[in-house]
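# Coordinate analysis (summary)
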Amino acid sequence: MKRILVVLIFTVMSLNALALDIWVKGGVIQGTGSKQMEDPGYNAGLELSQGFLGFVDLGAGVAYNGNLKYENASVQENIGYDLAPVYVFAKFNIIPVAVKPYVVARLGKNFVVNDSTDYHGKSEADGGAYGAVGVGIEFLDSFQGELLYSISEVKNNPSGKDNVEMVSLTLGYNFW
């Protein structure tokens, strides 16, 4: 037990010494493009970032985009899936002062989870590339708001397109 406590304390102190930021995020998603989603979905995410040169943050993250159900699907009714992108990102702080507006770009791979698509007894939807760009603002050194446009490649997508376009609005909290 003492070893676990010592390792945990060392890990927390190491993260703090590196000035790593851990962001927990959550928000809403709406589909865009020719295939609209039936209802807004939700997203949750976790990001780890490190500041460089005072105006660039580099990091990695994972998100979960849920409740992605599409209108007018030709294969079956009420089809959908959830996406879990894993990505790296670069965040460019425009004016690094008390209230920090920024531009962010993300690139990674997404995975299809909770797939309810059914092509005659089996699911064929498969994840692919993930890309996103957006704008946001950090305030009070611990909070973040972000508007993001993302494109997720989903092979054998029942909505009829291989690219799923979404707009999300998220709020985040920084633990360090």
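Computed from a predicted model, the values in this text were never measured in an experiment. Here the residue numbers are simple positions, counted from 1 along each chain's written sequence. Only residues with pLDDT of at least 70 are given local features in this predicted model, and only at 80 or more are side-chain atom pairs given and counted; all residues enter the totals for whole chains, interfaces and linings. The side-chain figures draw on all heavy atoms in the structure; neither hydrogens nor water molecules are used.

By the criteria applied, helices consist of DSSP H or I runs no shorter than four residues and strands consist of E runs no shorter than two, each listed in order from the N terminus. Along its length, the chain carries one helix and eight strands. Each helix (α) and strand (β) of the chain, taken in turn from the N terminus, gives the series α-β-β-β-β-β-β-β-β. By definition in these notes, contact holds between two residues if any of their heavy atoms fall within 4.5 Å. Intrachain contacts of the chain at a sequence separation of at least 6 include 57% that bridge at least 24 residues. A total accessible area of about 9,800 Å² is found for the chain, and carbon and sulfur atoms account for 67% of it. Using a 1.4 Å probe, accessible areas were evaluated by the Shrake-Rupley method; residue-level cover was limited to the displayed protein chains.

What follows deals with empty space enclosed by the protein. As defined here, a cavity is a set of points on a 1 Å grid over the protein atoms alone where a 1.4 Å probe fits but cannot get out. A pocket is an open set with protein on both sides within 12 Å along at least five of seven lines, and residues line them when an atom is within 4 Å of a point. Grid points are joined across faces, edges and corners, and a volume is the space filled by probe spheres set on the points. Evaluation of the coordinates by the stated rule reveals three cavities of 30 Å³ or more. Residue lining of the largest cavity: 18 residues in total, with N43, A63, R106, L148 and T170 positioned closest to the centre. Top element by residues in the lining of the largest cavity is strand 2 (residues 41-52). It accounts for four residues. Under the convention adopted here, Pro, Cys and the residues Ala, Val, Leu, Ile, Met, Phe, Trp and Tyr are nonpolar, Asp, Glu, Lys and Arg are charged, and Gly plus all remaining residues are polar. Classifying every residue of the lining of the largest cavity by side-chain character gives seven nonpolar, seven polar and four charged.

Attention now moves to the side chain of D82. Within the secondary structure, D82 sits in strand 4 (residues 80-93). Residue burial is assigned from relative accessible area. The probe radius is 1.4 Å, only protein chains are included, and a residue is buried under 20% of its type maximum, exposed over 50%, and partly exposed in between. Note on D82: relative accessible area 9%, which makes it buried. Pairs of N or O atoms are called polar contacts if they sit within 3.5 Å, as long as, within protein, a hydrogen donor faces a hydrogen acceptor (for residues adjacent in sequence, only side-chain-to-side-chain pairs). Polar contacts involving the side chain of D82 include one to the side chain of Y64, which spans 2.4 Å. Apart from the residues within four sequence positions on either side, D82 is in contact with Y42, Y64, N65, G66, N67, L68, F111, V112, V113 and N114.

Okay, the nonpolar core next. Nonpolar cores were defined as sets of buried Ala, Val, Leu, Ile, Met, Phe, Trp, Tyr and Cys residues, with membership established by side-chain atoms within 4.5 Å. In this structure, I29, L68, Y81, L83, V112, A125, V154, V164 and M166 together form the largest nonpolar core, which totals nine residues. Counting residues per element, the ones that place at least two in this core are strand 4 and strand 8 (163-174). Of all hydrophobic cores here, the second largest spans eight residues; its members include A63, F89, Y102 and A132.

Moving on: the pattern of salt bridges. When a carboxyl oxygen of Asp or Glu is within 4 Å of a side-chain nitrogen of Lys or Arg, the pair counts as a salt bridge. If you walk through the whole model with that rule in mind, you get six salt bridges. One salt bridge in this structure joins K25 and E47, with 3.1 Å as the shortest N-O distance. Of this pair, K25 sits in strand 1 (residues 20-31) while E47 sits in strand 2, placing them 22 residues apart in sequence. For E47, a relative accessible area of 4% puts it in the buried group. A single network of salt bridges, built from pairs that share partners, joins K25, E47, R106 and E146.

Moving on, we come to the confidence of the model for the chain. A residue's pLDDT is the confidence the predictor assigns to it, expressed on a 0 to 100 scale. Of the residues in the chain, 72% have a pLDDT of 70 or more, and the chain-wide mean is 80. Of all secondary-structure elements in the chain, the lowest mean pLDDT belongs to helix 1 (residues 2-17), at 64, while strand 5 (residues 100-113) reaches the highest, 92.

Now for the packing of aromatic side chains. Pairs were defined over the aromatic rings of Phe, Tyr and Trp, the Trp ring being its six-membered one, requiring ring centres within 6.5 Å. Orientation was assigned from the angle between planes: stacked under 30 degrees, edge-to-face over 60, tilted for the rest. Under the defined criterion, the tally for this structure stands at five aromatic pairs. Here the aromatic residues Y87, F89 and Y130 are joined through ring pairs into a cluster of three or more. Two conditions define a charge located above a ring, namely a distance within 6 Å from the ring centre to NZ of Lys or CZ of Arg, and an angle within 35 degrees of the ring normal. Between K91 and the ring centre of Y102, over which it is positioned, the NZ or CZ distance is 4.8 Å. Sitting over the face of the ring of F111, K109 holds its NZ or CZ atom 5.0 Å from the ring centroid.

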